[in-house]
Amino acid sequence: MPRPLVKVCGMTRMRDVELCVDLGVDLLGFIFHPKSPRCADPDFVASVKTGKVSKVGVFVNQTAEEVIETMDRCGLHAAQLHGGQDVDFCWKIGPDRVIRAFWPDTYPSPQALLRDLENYSETCGHFLLDAGTKGQGGTGKSINLAILQDIEIQTPWFLAGGLGPDNIREALSVNPSGLDINSGVEKAPGIKDETKLREVFRILAEME
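The sections below set out a description of the structure shown in this document. (Residues numbered from 1 in each chain as written. Predicted model: local features only at pLDDT ≥ 70, side-chain atom pairs only at ≥ 80, totals over all residues. Heavy atoms only, no water.)

Details of a negative patch on the surface
A cluster of acidic residues, Glu65, Glu66, Glu69 and Asp72, forms a negative patch on the protein surface. Within the secondary structure, Glu66 is located in helix 3 (residues 64-74). Overall, Glu66 belongs to the partly exposed group, its relative accessible area being 38%. (Patch = residues over 30% accessible without salt bridge, like charges linked within 9 Å, V, L, I, M, F, W, Y side chains within 5 Å. Areas by Shrake-Rupley, 256 points an atom, 1.4 Å probe, with all protein chains shown as cover. Salt bridge = Lys/Arg side-chain N within 4 Å of Asp/Glu carboxyl O. Lys, Arg positive; Asp, Glu negative; His and termini not counted. Charge placed at Lys NZ, Arg CZ, Asp CG, Glu CD. Helix = DSSP H or I, 4+ residues; strand = E, 2+ residues; numbered from the N terminus. Buried < 20%, exposed > 50% of the residue type's maximum accessible area, 1.4 Å probe, protein only.)

A word on the nonpolar core
Among the nonpolar cores identified, the biggest contains 58 residues, and Phe30 and Leu148 are the most heavily contacted of them. With five residues, helix 7 (residues 194-207) is the largest single contributor of residues to this core. (Core = buried A, V, L, I, M, F, W, Y, C linked by side-chain atoms within 4.5 Å.)

Quick notes on the sheet that holds strand 2 (residues 27-31)
Spatially, the eight strands close up into a barrel ordered 1-2-3-4-5-6-7-8, and their pairing is parallel. Ignoring which end each strand starts from, the neighbouring axes of this sheet average 25° apart. Both strand 7 (residues 157-159) and strand 8 (residues 178-181) contribute to a ladder of two bridges, which runs parallel. By the bridge assignment for strand 8, Phe158 is matched with Gly178. The sheet contacts of helix 3 involve strand 3 (54-59) and strand 4 (78-81), and relative to strand 3 the element is tilted by about 150°. (Pairing = 2+ DSSP bridges. Axes fitted to C-alpha atoms, helices over the stretch in contact; angles between N-to-C directions. Contact = heavy atoms within 4.5 Å.)

Some words on the state of the cysteines
This model, assessed by the stated rule, comprises zero disulfides. Of all cysteine sulfurs, the one in Cys39 lies closest to Cys74, which takes part in no disulfide; the gap is 11 Å. Here Cys124 stays free of any disulfide, with the sulfur of Cys90 as its closest cysteine sulfur at 4.0 Å. Judged by its relative accessible area of 5%, Cys124 falls in the buried class. (Disulfide = S-S within 2.5 Å.)

Side note on unusual backbone geometry
In this structure, Asn175 is a non-glycine residue whose phi angle is positive, near 55°. Along the polypeptide, Asn175 turns up in the loop between helix 6 (168-171) and strand 8. Overall, the relative accessible area of 56% leaves Asn175 in the exposed class.

Some words on the pattern of salt bridges
What the rule picks out here adds up to ten salt bridges. Here Arg169 and Glu206 are joined by a salt bridge, their closest N and O atoms 3.0 Å apart. Placement of the pair is Arg169 in helix 6 and Glu206 in helix 7, with a sequence separation of 37 residues. Given the relative accessible area of 39%, Arg169 is considered partly exposed. Overall, Glu206 belongs to the partly exposed group, its relative accessible area being 47%.

Structural notes on the pairing of strand 4
Because side chains alternate across strand 4, one face comprises the buried residues Ala78 and Gln80, and the other comprises Ala79 and Leu81, equally buried. Alignment of strand 3 against strand 4, held across four bridges, turns out to be parallel. Bridge pairing in strand 4 links Phe59 to Leu81. Handedness of the crossover is the feature at issue here: the chain leaves strand 3, passes through helix 3, returns alongside strand 4, and the resulting connection is right-handed. Bridge count between strand 4 and strand 5 (residues 98-102): three bridges; the pairing is parallel. Bridge assignment links Leu81 to a residue of strand 5, and that residue is Arg100. In the classification by handedness, the crossover that spans strand 4, the intervening helix 4 (residues 87-93) and the parallel strand 5 is right-handed. (Right-handed = clockwise from strand over helix to strand, strands pointing away.)

Listed below in structure tokens is the structure:
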């Protein structure tokens, strides 16, 4: 089995960007939410040149116009929407550029989650399933994987929520298209831990 896509989010330092690129990350996430301790400076994000690695902006409360402006300014390939944005909002950004976050723990059943996902299937290139209830992520909480065991999600999707060396194998049990890693590989908010990052990629290489 090929390994899932790997996205490392909450990037704030060039040295961490360079490490992730060297390790073979597929996507880098930059948070544009003023209340986040990992909020990235747009000038820094614009300066990041990553070659084949995609740059993703995480947005919570911005308007669609503000999202598009930031994407253009910073050279972002995709917008990860964490504010419960509706279908029309996703259309404005462009379906091939949207990663829309959902919070499985807020649904009464796996079927209710699946119905909501299907409503967005034409407007999102990817979904992201996160722990907790809402917000920009990075809480360190793990998702309840049981809700994902018995549903088949047609749209490519990322699994998020406290992922790191200790639980990455368990996360792979629900066959996500991608893994979104943030707080589980940090020393402090926005400061990545090289040892933990290297261990995650070692585990993934071992399982291919």
